[in-house]
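# Report on the structure
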Amino acid sequence: MTEYKLDKSLGHLASRFSRMVLRRFNAVLVQNEMPITSEQYSLLVQLWDSNGLPQGMLAEKTAKDKTTMARLAAGLEGRGLIARLPSPSDARERLLYLTDRGKELMDRATALARGILEEAQQGIDPAELEVCRDVLRRACSNLK
């Protein structure tokens, strides 16, 4: 039987890194009086990249179930950060858009996120970081 070591497990290391970043990001969001969580940020950043995505597609892109996505979207809509509008092609489908307030918040939240990532990546060669990103992308793709 092959020995299992947590410090050799890609899944464990990726999950631990993610939890540490999210914990720090949530604390920094609170310190800076930002009205979102890291979970809500993951939805907003998708819209910042591609505004007007269907709610179901956002659920897929963020690896959330549809119920969780609907809850997140409702909370963000209530804060005036996004608008949910019926799709012109299917009234049952909702398209999500960042509002001007959402765009302003994203500028500030993304600067905070970048600061955390810069801290985490200190002393790591950029080429090594790119290899790490590539490995994680391929591992995720293998599981789709």
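Residues numbered from 1 in each chain as written. Predicted model: local features only at pLDDT ≥ 70, side-chain atom pairs only at ≥ 80, totals over all residues. Heavy atoms only, no water.

As annotated in an unreviewed UniProt entry, the chain carries the name MarR family transcriptional regulator and comes from Geomonas subterranea.

### Topic: the overall build of the chain
Along its length, the chain carries six helices and three strands. Overall, the chain shows an N-to-C arrangement of helices and strands of α-α-β-α-α-β-β-α-α. Taken along the three principal axes of its C-alpha coordinates, the chain extends 55 × 35 × 25 Å. Accessible area of the chain: about 9900 Å², with a carbon and sulfur share of 53%. Looking at charge distribution, the chain has the averaged site of its 22 positive side-chain charges lying 4 Å from that of its 19 negative ones. (Helix = DSSP H or I, 4+ residues; strand = E, 2+ residues; numbered from the N terminus. Areas by Shrake-Rupley, 256 points an atom, 1.4 Å probe, with all protein chains shown as cover. Lys, Arg positive; Asp, Glu negative; His and termini not counted. Charge placed at Lys NZ, Arg CZ, Asp CG, Glu CD.)

### Quick look at the packing of helix α2 (residues 38-49) against helix α4 (residues 66-78)
One can describe the packing of α2 onto α4 by two numbers: an axis separation of 10 Å at closest approach and a directional angle of 90°. Taken together, the axes of α2 and α4 lie roughly perpendicular to each other. From α2, Glu39, Gln40, Leu43 and Leu44 reach across to α4, where they touch Thr68, Met69, Arg71, Leu72, Ala73 and Leu76. (Axes fitted to C-alpha atoms, helices over the stretch in contact; angles between N-to-C directions. Parallel < 35°, antiparallel > 145°, perpendicular 65-115°, else oblique. Contact = heavy atoms within 4.5 Å.)

### Things to note about the pattern of salt bridges
Taken as a whole and judged by the stated rule, the model has nine salt bridges. Where Lys64 meets Glu39, a salt bridge forms, and the shortest distance between an N and an O atom there is 3.6 Å. Of the two residues, Lys64 sits in the loop between α3 (55-61) and α4 while Glu39 sits in helix α2, which places them 25 residues apart along the sequence. The exposure class of Lys64 is partly exposed, given its relative accessible area of 23%. (Salt bridge = Lys/Arg side-chain N within 4 Å of Asp/Glu carboxyl O. Buried < 20%, exposed > 50% of the residue type's maximum accessible area, 1.4 Å probe, protein only.)

### What about the sheet that holds strand β2 (residues 82-86)?
With antiparallel pairing, three strands are arranged side by side in an open sheet as β1-β3-β2. Where the open sheet ends on each side, the last strands, each with one partner, are β1 (53-54) and β2. Note: β1 against strand β3 (residues 94-98), two bridges, orientation antiparallel. Across the sheet, Leu53 pairs through a bridge with Leu96, a residue of β3. Packed onto the sheet, α2 meets β1, β2 and β3 and runs at close to 85° relative to β3. Each of β2 and β3 is contacted by α4, which is oriented at about 115° to β2, the strand it contacts most. (Pairing = 2+ DSSP bridges.)

### Notes on helix α1 (residues 10-31)
Three or four residues apart is the spacing at which side chains of an α-helix point the same way, because the helix has 3.6 residues per turn. Over its 22 residues, α1 extends 31 Å from the first C-alpha to the last, a length consistent with the 32 Å expected when each residue adds 1.5 Å. If you check which residues of α1 are buried, you get Val21, Phe25, Val28 and Leu29. For α1, the angular spread of buried residues about the axis comes to 100°, placing them on one side. Of the residues in α1, the exposed ones pointing more than 90 degrees away from the buried face are Arg23, Val30 and Gln31. (Expected span 1.5 Å × (residues − 1). Arc of directions from axis to C-beta.)

### A look at the nonpolar core
Judged by nonpolar contacts, the single largest core of 27 residues is most densely connected at Ile36, Leu44, Leu47 and Ile82. Elements with a contribution of two residues or more to this core: α1, α2, α3, α4, β3 and α5 (100-120). With six residues, α5 is the largest single contributor of residues to this core. Apart from the residues within four sequence positions on either side, Ile36 is in contact with Leu29, Tyr41, Leu44, Leu76, Leu81, Leu105 and Ala109. (Core = buried A, V, L, I, M, F, W, Y, C linked by side-chain atoms within 4.5 Å.)

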